[in-house]
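Listed below are the residues making up each chain.
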Amino acid sequence: AFFDEDSPPAAADRFLSESFGTAQFLQVRVKGDFNDPALLREVGRVADELALMPEISGVQGAHAAMEIIHDAFAGSRRIPDTPEQAGVLYRFLASDPSVSRLVTDDRTQALLIARVNSGRADDIDSLLERVSTLLPEDGETRFRLATPGSPDAEAAFAAQVTTRLR
């Protein structure tokens, strides 16, 4: 706003914003049992939805760290299947300071951190409005028991694959 549109500082600011995003961040606080693979998957789903938004240039969360450490130990980048497996993997993540910024030591709260690539108030207002539709007041309404092989399980799997492929 202080420089002409074609000035070197304005060009540098555009380059940084387009390439790396701005210094604006959206943080989503999530409460729950982060040993629960279902919650980790839901947080991953929300992170995937956020990452698809044009105003977001990157998303970090405990779910991603869990996928990376699972890949290192089990050879597949995904959320572990059981709370016990998650608990074991958290022990390896506990010493990483970057992970401690994403999930509390008692694993009852976590942050999703999204880098916003626009500093304009109008863009941020629009983004926040769309993000609020992803986050229901009662997160439990997102979860339904689906036994393996049931139509609910197949639909949930298809929805997750579709979200990841978008």
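In this report, we go over the structure that sits alongside the text. (Residues numbered from 1 in each chain as written. Predicted model: local features only at pLDDT ≥ 70, side-chain atom pairs only at ≥ 80, totals over all residues. Heavy atoms only, no water.)

Turning next to the pairing of strand β3 (residues 109-116). Of the strand pairs in this sheet, strand β1 (residues 24-31) and β3 are connected by eight bridges, and their pairing is antiparallel. The residue bridging Arg29 from the neighbouring strand is Leu111, located in β3. Two strands pair when backbone bridges link them, and strand β2 (residues 56-60) and β3 are joined in this way by four bridges, in the antiparallel orientation. Following the sheet pairing, Val59 is matched in β3 by Ala114. (Pairing = 2+ DSSP bridges. Helix = DSSP H or I, 4+ residues; strand = E, 2+ residues; numbered from the N terminus.)

For helix α6 (residues 121-134), built from 14 residues, the straight-helix expectation of 20 Å at 1.5 Å per residue is met to within 8% by its first-to-last C-alpha distance of 20 Å. Buried within α6 are the following residues: Ile124, Leu127, Val131 and Leu134. Each buried residue of α6 lies within a common arc of 65° when the element is viewed along its axis, so the set occupies one face. Among the exposed residues of α6, those oriented more than 90 degrees off its buried face are Ala121, Asp122, Glu129 and Thr133. Buried positions along α6 lie against β1, α2 (37-52), β2 and β3. (Expected span 1.5 Å × (residues − 1). Buried < 20%, exposed > 50% of the residue type's maximum accessible area, 1.4 Å probe, protein only. Arc of directions from axis to C-beta. Contact = heavy atoms within 4.5 Å.)

To continue, consider unusual backbone geometry. The residue Arg107 is not glycine, and still its phi comes out positive at about 55°. Considering the arrangement of structural elements, one finds Arg107 in the loop between α5 (97-100) and β3. Looking at Arg107, the relative accessible area reads 22%, which means it is partly exposed.

Next up on the list: the pattern of salt bridges. By the definition in use, this model includes four salt bridges. Here Arg45 and Glu42 are joined by a salt bridge, their closest N and O atoms 3.0 Å apart. You can see Arg45 and its partner Glu42 sitting in helix α2, three residues apart, about one turn around the helix. With respect to burial, Arg45 and Glu42 carry one shared label: buried. Salt-bridge contacts for Glu55 lead to Arg130; the nearest nitrogen and oxygen are separated by 2.4 Å. Of the two residues, Glu55 is situated in the loop between α2 and β2 and Arg130 in helix α6; the sequence distance between them amounts to 75 residues. Residue Glu55 is classed as buried on the basis of its relative accessible area, which comes to 14%. Relative accessible area serves as the criterion here: at 29%, Arg130 is assigned to the partly exposed category. Connected via shared salt-bridge partners are Arg41, Arg78 and Asp81. (Salt bridge = Lys/Arg side-chain N within 4 Å of Asp/Glu carboxyl O.)

Attention shifts here to the packing of helix α3 (residues 62-74) against helix α4 (residues 83-93). It is the contact of α3 with α4, at a shortest axis distance of 10 Å, that shows an interaxial angle of 95°. Here α3 lies roughly perpendicular to α4, going by the angle between them. Taken together, the residues of α4 that come into contact with α3 (itself represented by Ala65, Met66, Ile69, His70 and Phe73) are Ala86, Leu89, Tyr90, Phe92 and Leu93. Within the contact of α3 with α4, the residues separate by chemical class into nine nonpolar, one polar and no charged. (Axes fitted to C-alpha atoms, helices over the stretch in contact; angles between N-to-C directions. Parallel < 35°, antiparallel > 145°, perpendicular 65-115°, else oblique. Nonpolar A, V, L, I, M, F, W, Y, C, P; charged D, E, K, R; others polar.)

This brings us to the environment of Gly44. Here Gly44 is to be found in helix α2. Along the backbone, Gly44 and Leu112 are 68 residues apart, and their C-alpha atoms lie at a distance of 9.3 Å.

A few words on α2. Helical periodicity: at 3.6 residues per turn, an α-helix aligns residues three or four positions apart in one direction. The terminal C-alpha atoms of α2, which comprises 16 residues, lie 23 Å apart, in line with the 22 Å expected from a rise of 1.5 Å per residue. In terms of residue burial, α2 counts as a mostly covered element, since 12 of its 16 residues are buried. Residues of α2 that are buried: Pro37, Leu39, Leu40, Glu42, Val43, Gly44, Arg45, Val46, Ala47, Asp48, Glu49 and Leu50. If you check the start of α2, you find a side-chain oxygen 3.0 Å away from the backbone N of Ala38, and it comes from Asp36. (Polar contact = N/O pair within 3.5 Å; in protein donor to acceptor, adjacent residues only side chain to side chain.)

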